[in-house]
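Here's the letter readout for the chains.
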Amino acid sequence: MKLFQTLLFVAFAMVTALAATPGISQPTEGSIIQPGATFDFEYLSIGDYGVSAYNYTVWLFTKPPQNVQTMADWASGYFFGRYAYPSYPNNPNPTNLPPSQLVMPDFSKLGGGFGSGATVSNATFYLVVLEEYLGFEPNVGFNMSLVSNAIRYNVTV
């Protein structure tokens, strides 16, 4: 009986740990998305029992989100928006629910003023989510979770 209780506890702990692991489930790693195409989007929040999730932002970067430092030209990309899931007790009715689909920008049509877009084919870009959260421990400001999936942009045969 003691072995069964121990196994049950370990299984429950593993499920709880997995449930609080943030991730992008759609689009999957390596998905091919053309400019102007609508694609499925689903983010698995870090929020769980004991972890309050707040807002998250969705970006598309031309470089992987690593070694982020202060510099004028770190990467280029696109801002999809700022969203939140219902989360009790901190945000039960957010007004900025995430969409189930996003539209891939056409970088050849961006710009205006002094800026102009450019065409790129067969590029690897990074769909990135930065989420604000807090747990049981007191904190100065929000903790930040960062996850990304590499996607293929404007793939030609």
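Chemist: When you look at the overall build of the protein in this model, what are you seeing that I'm missing?
Modeler: When you go through the protein residue by residue, the secondary structure sums to one helix and 11 strands. In sequence order, the secondary structure elements of the protein are arranged as α-β-β-β-β-β-β-β-β-β-β-β. With 157 residues in all, the protein has 31% of them scored as buried. Contacts in the protein between residues far apart in sequence, at least 24 positions, make up 64% of those at least 6 positions apart. For the protein, the computed accessible surface area is about 10,000 Å², with 60% contributed by carbon and sulfur atoms.

Chemist: Help me understand the nonpolar core, please; the structure alone is not making it clear to me.
Modeler: The nonpolar side chains of soluble globular proteins are, as a tendency, buried together. Ranked by size, the top nonpolar core spans 20 residues in total, and within it Phe41, Val58, Leu60, Phe80, Leu127 and Val129 carry the most contacts. A per-element tally of this core places strand E10 (residues 123–134) first, with four residues. When residues no more than four places from it in sequence are discounted, the contact partners of Leu60 are Ser76, Gly77, Tyr78, Phe80, Met104, Pro105, Phe107, Phe125, Tyr126, Leu127 and Ile151.

Chemist: Can you walk me through the sheet that holds E10 in this structure?
Modeler: Note on sheets: strands pair through backbone hydrogen bonds, and any given pair is parallel or antiparallel. Taking strand neighbours across the sheet as the criterion, the five strands line up as E2-E11-E10-E5-E6 in an open arrangement whose pairing is mixed. Edge positions in the open sheet fall to strand E2 (32–33) and strand E6 (77–83), since each of these has one partner strand only. Pairing geometry for strand E5 (residues 52–61) and E10, over eight bridges, is antiparallel. Of the residues in E10, the one forming a bridge with Ser52 is Leu134.

Chemist: Please clarify how the pairing of E5 should be interpreted in this entry.
Modeler: A large share of E5 lies buried, amounting to eight of its 10 residues. Where E5 meets E6, six bridges bridge the pair, whose relative direction is antiparallel. By the bridge assignment, Tyr56 is partnered in E6 with Tyr83.

Chemist: Whenever I open this one, the pairing of E10 confuses me. Can you help?
Modeler: Side-chain positions along a regular strand alternate between the two faces of the sheet. With nine of its 12 residues buried, E10 lies for the most part within the structure. Pairing analysis gives 11 bridges linking E10 to strand E11 (residues 143–153), with the strands arranged antiparallel. Within E11, the position partnered with Tyr126 by the bridge is Ala150.

Chemist: Could you clarify how one ought to interpret the pattern of salt bridges in this entry?
Modeler: Charged atoms that come close allow side chains of opposite charge to pair. Tallying each qualifying case throughout the model produces two salt bridges. A salt bridge links Asp106 to Lys109; its shortest N-O distance comes to 3.9 Å.

Chemist: Just to check I follow, could you spell out the environment of Thr124 for this structure?
Modeler: On the secondary structure map, Thr124 appears in strand E10. Along the chain, Thr124 and Ile32 lie 92 residues apart, while their C-alpha atoms are 9.3 Å from each other. Contacts of Thr124, omitting those with residues within four sequence positions, involve Thr62, Ala150, Ile151 and Arg152. One polar contact links Thr124 to Arg152, side chain to side chain, over a distance of 2.7 Å.

Rules and cut-offs
- Residues numbered from 1 in each chain as written.
- Predicted model: local features only at pLDDT ≥ 70, side-chain atom pairs only at ≥ 80, totals over all residues.
- Heavy atoms only, no water.
- Helix = DSSP H or I, 4+ residues; strand = E, 2+ residues; numbered from the N terminus.
- Buried < 20%, exposed > 50% of the residue type's maximum accessible area, 1.4 Å probe, protein only.
- Contact = heavy atoms within 4.5 Å.
- Areas by Shrake-Rupley, 256 points an atom, 1.4 Å probe, with all protein chains shown as cover.
- Core = buried A, V, L, I, M, F, W, Y, C linked by side-chain atoms within 4.5 Å.
- Pairing = 2+ DSSP bridges.
- Salt bridge = Lys/Arg side-chain N within 4 Å of Asp/Glu carboxyl O.
- Polar contact = N/O pair within 3.5 Å; in protein donor to acceptor, adjacent residues only side chain to side chain.

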